[in-house]
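# Structural characterization, general
Each chain, letter by letter, is given below.
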Number of protein chains: 2
Amino acid sequence: MRALAVEDDPRIAGDLQSALTAAGFRVEVTGDGEDAWFLGDTEDYDLVVLDLGLPSLDGLAVLKRWRANGRTMPVLVLTARGTWQERVEGIEAGADDYLPKPFRMEELIARARALVRRTGGHAAAFQEAGDLSLDTNRMGVAIRGVQVQVTALEYRLLAYLMLHRDRPVPPSELLEHLYGDDDAREANALEAVIARLRRKLGAGIIGTRRGFGYFLEAT
Amino acid sequence: MRALAVEDDPRIAGDLQSALTAAGFRVEVTGDGEDAWFLGDTEDYDLVVLDLGLPSLDGLAVLKRWRANGRTMPVLVLTARGTWQERVEGIEAGADDYLPKPFRMEELIARARALVRRTGGHAAAFQEAGDLSLDTNRMGVAIRGVQVQVTALEYRLLAYLMLHRDRPVPPSELLEHLYGDDDAREANALEAVIARLRRKLGAGIIGTRRGFGYFLEAT
DNA sequence: GGCAACCTGACAGCAAGCTGACACAGCGGG
DNA sequence: CCCGCTGTGTCAGCTTGCTGTCAGGTTGCC
């Protein structure tokens, strides 16, 4: 049973190593994001414990790159950033479980065991819908193969629609995802973003179902 | 996609029901431990949301009895008792995920989805009654497989009738569900919606039991 | 027959959504 | 510092189509 622990704080990393070892894992530890990405991409682990607050490359980005490459090992995410949006974000990036810091080592082990007990996998999100394609690594957008320049906000909106392309996404949910509900925006802000995107992407990409929400037009 | 929500606080239970329904689950709710144990033991659910603080029979005991009987459905545990020992206890009793109260409904849904995805329950969230089928994920409606375009209000009405398809639903209840009781509508508003729906769906879908209410015609 | 529950077509009001213009903040360069 | 540039939120006015109301009809029940 191999486990990879990605954690830059050496004290916590040490604790992780001993606790996981005691729980019967063969543990490797790294504190560097790039390094973690490479290991997770090339080696086979039964479990990854991933801290989100990393230098050099963000944990969430590492996770997304793994999933984009079709890596399906169970990932338990650790983070100090405890707001609920970030938890949801983490889960949507492909995390299988989530543990806010500070945590008890006993709880982590219990969760790790539960995670390994279920041998489920995640399919990488293939980022294509109709004429639109998203490149999650480069944050690039293309229509029928032609690159289109979009802003960060626009990209996040597209990525969210892509992730939920099987259903219409209500404006309230999009607002919450893009801004978080504490800092409120006029509902119109979203409509403005949609309008700008439609102008860039052309018609027939983003559809509206009045009363339900927005969606990516399928083929 | 069937879900069982075990929660004794009626307000939270109501929130759970609507959130899970909106997320595409067919939801049953109970507030009693014995009842929950019986349902979980005899019915097949794709997801159970279990509150630990129950009267009559403790949630943890319910969970243990399910697992002892070989029931393997994914269980998401809710609890106000947030100490880490209890979390560990819950996970070791066989919970698949854990959410401390108070929580965000959005987070619960995200976790529930992740849980179901993980356990391989990829079946579409379809509900059928006679010739009518609802796709609760896409918010789509079809008659004998043919897609029909309905508005948000019409869809909510259909979904509610579907949820309670075992009985006629009185107009007063429908009015309350669709509009809330604070902002009152003429009773006729409901009749108008029903009429429009019948025109779209054709005859033999929505029935009337004079004096009792509306219902979906079974096969 | 008479009453109440329920149905339905027409229509106007209204809210959801669209769009172009503008303001403003942040940022980098001269 | 100033200037221009870019990204984004706000505003106002517009379009669209949903939906509540009304008026009159139909059905079922006593």
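Located above this text is the structure these notes cover.
None of these values were measured; they are calculated from a predicted model. (Residues numbered from 1 in each chain as written. Chains lettered and ligands numbered in written order. Predicted model: local features only at pLDDT ≥ 70, side-chain atom pairs only at ≥ 80, totals over all residues. Heavy atoms only, no water.)

### Topic: the protein's contact with DNA strand D
Around DNA strand D, the structure places 21 residues, and the nearest of them are Thr151(A), Asn188(A), Thr151(B), Tyr179(B) and Arg210(B). Close to the protein, within 4 Å, the atoms of DNA strand D are drawn from sugar and phosphate at a rate of 59%. Contact between DNA strand D and Glu186(A): a phosphate oxygen at 3.1 Å from a main-chain N or O atom of the residue. Elements with a contribution of two residues or more to the surface near DNA strand D: α8 (187–201) of chain A together with α8 (187–201) of chain B. Element by element, the count of residues in the surface near DNA strand D is highest for α8(B), at five residues. Broken down by class, the residue content of the surface near DNA strand D amounts to nine nonpolar, four polar and eight charged. (Near = heavy atom within 4 Å. Polar contact = N/O pair within 3.5 Å; in protein donor to acceptor, adjacent residues only side chain to side chain. Helix = DSSP H or I, 4+ residues; strand = E, 2+ residues; numbered from the N terminus. Nonpolar A, V, L, I, M, F, W, Y, C, P; charged D, E, K, R; others polar.)

### So, the sheet that holds strand β8 (residues 140–143) of chain A
Either a parallel or an antiparallel arrangement is found when strands of a sheet pair, and the pairing is made through backbone hydrogen bonds. All names here are of chain A. If you walk across this open sheet you meet the four strands as β6-β7-β8-β9, and the pairing is antiparallel. Each edge of the open sheet carries a strand with a single partner, namely β6 (128–129) and β9 (146–148). Here four bridges tie strand β7 (residues 132–135) to β8, and the two strands are oriented antiparallel to one another. In the sheet register, Leu-132 faces β8, and the bridge partner there is Ile-143. Taken strand by strand, helix α6 (residues 152–163) contacts β6, β7 and β8, and its axis lies near 110 degrees from that of β7. (Pairing = 2+ DSSP bridges. Contact = heavy atoms within 4.5 Å. Axes fitted to C-alpha atoms, helices over the stretch in contact; angles between N-to-C directions.)

### As for the protein's contact with DNA strand C
Within the structure, DNA strand C sits among 17 residues, and Arg198(A), Thr208(A), Arg198(B), Thr208(B) and Tyr214(B) are positioned closest to it. For DNA strand C, the backbone makes up 48% of the atoms found within 4 Å of the protein, where backbone means sugar plus phosphate. Within the side chain of Arg198(A), an N or O atom sits 2.2 Å from a phosphate oxygen of DNA strand C. Within the contact set of DNA strand C, a base oxygen lies 3.3 Å away from a side-chain nitrogen or oxygen of Asn188(B). Residue contributions to the surface near DNA strand C peak at five residues, all from α8(B). Tallied by class, residues from the surface near DNA strand C come to three nonpolar, six polar and eight charged.

### Focus on unusual backbone geometry
Residues and elements named next belong to chain B. Of note, Met-139 is a non-glycine position whose phi angle comes to about 60 degrees, a positive value. Within the element layout of this structure, Met-139 appears in the loop between β7 (132–135) and β8 (140–143). The phi angle at Arg-144 is positive, at roughly 50 degrees, despite the residue not being glycine. Note that Arg-144 resides in the loop between β8 and β9 (146–148).

### Considerations on the environment of Leu99(A)
Looking at the secondary structure, you find Leu99(A) in strand β5 (residues 97–100). With 21 residues separating them along the chain, Leu99(A) and Leu78(A) place their C-alpha atoms 5.0 Å apart.

### Structural notes on the sheet that holds strand β1 (residues 2–6) of chain B
Residues and elements named next belong to chain B. An order of β2-β1-β3-β4-β5 is seen for the five strands of this open sheet, with the pairing classed as parallel. A single partner strand is all that each edge strand has here, and the edge strands are β2 (26–30) and β5 (97–100). In this sheet, adjacent strand axes meet at a mean angle of 15 degrees when their direction is disregarded. Examined bridge by bridge, β1 and strand β3 (residues 47–51) share four bridges and lie parallel to one another. Bridge assignment links Val-6 to a residue of β3, and that residue is Leu-50. Against the sheet, helix α1 (residues 10–22) touches β1, β2, β3 and β4 (75–79), its axis set at about 170 degrees to β2.

### Some thoughts on the packing of aromatic side chains
One pass over the structure, following the stated rule, counts one aromatic pair over all chains. Centre to centre, the rings of Phe212(A) and Tyr155(B) are 5.9 Å apart; their planes meet at 80 degrees, and the pair counts as edge-to-face. With Phe212(A) in the loop between β10 (206–209) and β11 (213–216) and Tyr155(B) in helix α6 (residues 152–163), this pair bridges two chains. Note on accessibility: Phe212(A) and Tyr155(B) belong to one class, buried. The ring of Trp37(A) carries the charged tip of Arg65(A) above its face, separated from the ring centre by 4.2 Å. (Phe/Tyr/Trp six-rings, centres within 6.5 Å; stacked < 30°, edge-to-face > 60°. Buried < 20%, exposed > 50% of the residue type's maximum accessible area, 1.4 Å probe, protein only. Lys NZ or Arg CZ within 6 Å of the ring centre and 35° of its normal.)

### Comments concerning the nonpolar core
Counting residues in each nonpolar core, the largest one holds 30 residues, and the members touching the most others are Leu157(B), Leu158(B), Leu201(B) and Ile206(B). For this core, the secondary structure elements donating two or more residues are β7, β8, α6, α7 (171–179), α8 and β11 (213–216) of chain B. The residues contacting Leu158(B), other than those within four sequence positions of it, are Leu132(B), Leu134(B), Val141(B), Leu197(B), Leu201(B), Ile206(B) and Leu216(B). The next biggest cluster of nonpolar side chains, apart from the first, holds 27 residues, and it includes Val141(A), Tyr155(A), Val169(A) and Leu178(A). (Core = buried A, V, L, I, M, F, W, Y, C linked by side-chain atoms within 4.5 Å.)

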